[in-house]
Amino acid sequence: MDYHLLSPNTQAILLLCASFGQNRQTEPKPLTLSEYNTVASWLVENDMIPEDLLDQTLKNRLSQITIDKLDSQRLVALLERGVMLSLAVEKWTNQGLWIVGRGDAGYPQCLKQRLKHNAPAILYGIGNRELLAQGGLAIVGSRDVDQDGLNYTERVVQTCAEQGINVISGGARGVDQASMLGILAAGGNAVGVLADSLTKVAVASKYRAGIKEGRLTLVSAYDPDASFSTGNAMGRNKYIYALADYALVISSAVGKGGTWAGATEVLRKVKDVPVFVRMQGTVPEGNQKLLEKGGIVFPEAPWNKLLRTLLDAAIAEVEESQADGGRIESEKLSAGDGLGGDKTISINLPAKDIYEAVLPFILNQLEQPQDAKSLAESLDIRKGQMEDWLKRAVQEGKVIKQKNPVMYVANKELNLLALLEKEDSG
C-alpha cells in the first residue's frame, strides 16, 4: 500500500514512533525519540536507512538482533502495524494534515542543524510548509502575562508584519496566542509549534483564514490527537527557538514555568539562536535573571530602522564584548573628587559582576547630568560599554535618561532609599 505517498523512510519512522491511538495496554509501546535515535545509529553503523526496515527479510532477521537494550520483538511488532499506519495516515490527510520525517527533503534543515539528534523524528503539520524554512522571530512568554506585556507584544508583531518577519510561537494562552493572532491580523506570517491537539487547533475559526491563505503553519512533533501533557509542552520549547533566527522573551517567572525552562535550555545548548529579553515597561524578575544567563536586551522602541538590523547590531555588540575576553583585567576608573579626592581603583572581576562594582562610581559622576561620551571619557571606559551599563541602570531605575539632548543623571531619591535600606539591614 502507498500510505498516501509518504516516503518509505517516513513510513518506517512512523511505524516505530507513532501511537496511532492504539490501546497502550495491549499494543507495543512506540519508541521515544531517544530510543529511535538508538535505532538510527544502528542503521548508520550497518550502512542502512530507515526504509530498509520495511524489507520483510530484515524484519525476520531483526528478531534475532540486539540493538543496545531495545527489545527486538517490540521492534518487529511495531514494524508490523502497516494496516494501522494506513488508516491513521488516511484520517490525518483527510483532515488536511501533512507529515514529514527527519530524512525527507521537506523537513526543516534548521531543526537538524541546531538540535542534531534532538530534532523530532516526525513532524505533523497543516498549512504552508515553506514557512518552516524562512526563520523569523520566536516570541514566547507566560500564560498569565499582564496587559503591559500584551501591549508590547502587539507592537512587536505589528513591526514584524510591516517588515516581513515571520513570528514563531507556541499557541498557548497568553503571549503565544497574542503574538500569533496579532501578526495574522496585521497581515504577516506565523508558525505555531504545538504540544498537543493539532487536529483540534487546525480547525479553530481563529486560525482557519490564516491557514487557507498560506500565512499560518501549525506543526507538532506529537500525535495530532495527543492531549496536553507538561512533558510535551516542555519538550517542544526548543523546536520553537530552533525554527527562528532570533527569539524574544516577553515575560518569564524565575526558576519555574515553560518560558523560563525553554529560554534557559536554549541559552545553554542552542548557541546560534540569540535570546532577546523585553526590558521596557513593567517586567517580571525572570526577565532580568535571563539577562544574567546570557540574554540580550531587546532594542528599545520605536523600531524605526529595520528590526533585523537592530537585532544584528545588538548581537554584534555583545559578541564584541565577549571578544574582549569576557573579563576586564585591572580596569582603571577615575573616581574623581566625589570620593574624597582623586582616586583610582582596580577591578578584576568576571564581566557579569563588573556592572555592580562600577555602578557606584557611575552614580557618583552623575550627580549632575552628563552624556554617555563624557562619562565614558571621565572614567576611561569604551563608550559602547558605558552605554550598556547606562541602559541597564536606566532599566533598574537607578539612572534617569533625559532627552533633547540625551543626558543621564542619578536617580537620587531611589538611590538614597536603597542606601537607607542597606544601612537598616546592617
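The shown structure was predicted, so the numbers you read here are calculated from the model rather than taken from an experiment. Counting starts from 1 at the beginning of each chain's written sequence and moves along it residue by residue. The predicted nature of this model means local features are confined to residues of pLDDT at least 70 and side-chain atom pairs, given and counted, to a pLDDT of 80 or more, with totals for whole chains, interfaces and linings taken over all residues. The basis for every side-chain value is the complete set of non-hydrogen atoms in the structure, without hydrogens or water.

Engineer: An account of unusual backbone geometry is needed here, citing residue identities and associated values.
Structural biologist: A cis amide bond links Ala301 with the next residue in sequence, Pro302, at an omega value of 0 degrees. Mapped onto the secondary structure, Pro302 falls in the loop between β9 (296-297) and α14 (307-323). The amide bond that connects Asn404 to the next residue, Pro405, takes the cis arrangement and shows omega of -5 degrees. Within the secondary structure layout, Pro405 lies in the loop between β12 (399-402) and β13 (407-410). We note that Asp68 has phi near 55 degrees; this positive angle belongs to a residue other than glycine. For helices the rule is a DSSP run of H or I covering at least 4 residues; for strands it is a run of E covering at least 2, with both sets numbered from the N terminus onward. Mapped onto the elements of the fold, Asp68 is located in the loop between α3 (56-62) and α4 (72-79). Positive phi is not limited to glycine here, since Ser197 has a value of about 55 degrees. Assignment of secondary structure puts Ser197 in the loop between β5 (190-194) and α9 (198-201).

Engineer: Can you break down helix α10 (residues 205-212) residue by residue, with the values?
Structural biologist: Any residue under 20% of the maximum accessible area for its type is buried, any over 50% is exposed, and the rest in between are partly exposed; the area is computed with a 1.4 Å probe on protein chains only. Within α10, the full set of buried residues consists of Tyr207, Gly210 and Ile211. Burial along α10 is one-sided: seen end-on, the buried residues are contained in an arc of 100 degrees. α10 presents Ser205 and Lys212 as exposed residues on the side facing more than 90 degrees away from its buried surface. Against the buried residues of α10 lie β2 (122-127), α8 (175-185), α9 and β6 (216-220). The arc in question is formed by the directions pointing from the helix axis toward the C-beta atoms. Any two residues whose heavy atoms approach within 4.5 Å at even a single point are treated as in contact.

Engineer: Can you break down the layout of surface pockets residue by residue, with the values?
Structural biologist: Here a cavity denotes grid points, spaced 1 Å and computed from the protein atoms alone, that fit a 1.4 Å probe unable to get out, and a pocket denotes an open set having protein on both sides within 12 Å along at least 5 of 7 lines; residues with an atom within 4 Å of a point are the lining. Grid points are joined across faces, edges and corners, and a volume is the space filled by probe spheres set on the points. Reported here for the second largest pocket is a volume of approximately 560 Å³. Along the walls of the second largest pocket sit 20 residues, with Cys17, Leu31, Thr32, Ala221 and Tyr222 positioned nearest its centre. Counting residues per element, the ones that place at least two in the lining of the second largest pocket are α1 (8-17), β2 and α11 (230-242). Just so you know the grouping, Ala, Val, Leu, Ile, Met, Phe, Trp, Tyr, Cys and Pro go in nonpolar, Asp, Glu, Lys and Arg go in charged, and all remaining residues, Gly too, go in polar. Its residues placed into classes, the lining of the second largest pocket shows 14 nonpolar, three polar and three charged.

Engineer: Account for the sheet that holds strand β1 (residues 98-101), with residues named and values stated.
Structural biologist: A sheet is described by the order of its strands in space; here nine strands give the open sequence β1-β2-β6-β5-β4-β3-β7-β8-β9, paired in mixed fashion. Looking at which strands have only one partner, the edges of the open sheet turn out to be β1 and β9. Pairing of β2 with β6, which is carried by four bridges, proceeds in the antiparallel orientation. From the neighbouring strand, Tyr124 faces β6, where its bridge partner is Ser220. To obtain each axis, a line is fitted to C-alpha atoms, and for helices this fit is confined to the stretch in contact; angles are then taken between N-to-C directions over 0 to 180 degrees. Where α10 meets the sheet, it contacts β2 and β6, and its direction lies at approximately 110 degrees from that of β6. Two strands make a pair as long as DSSP finds a minimum of two bridges between them.

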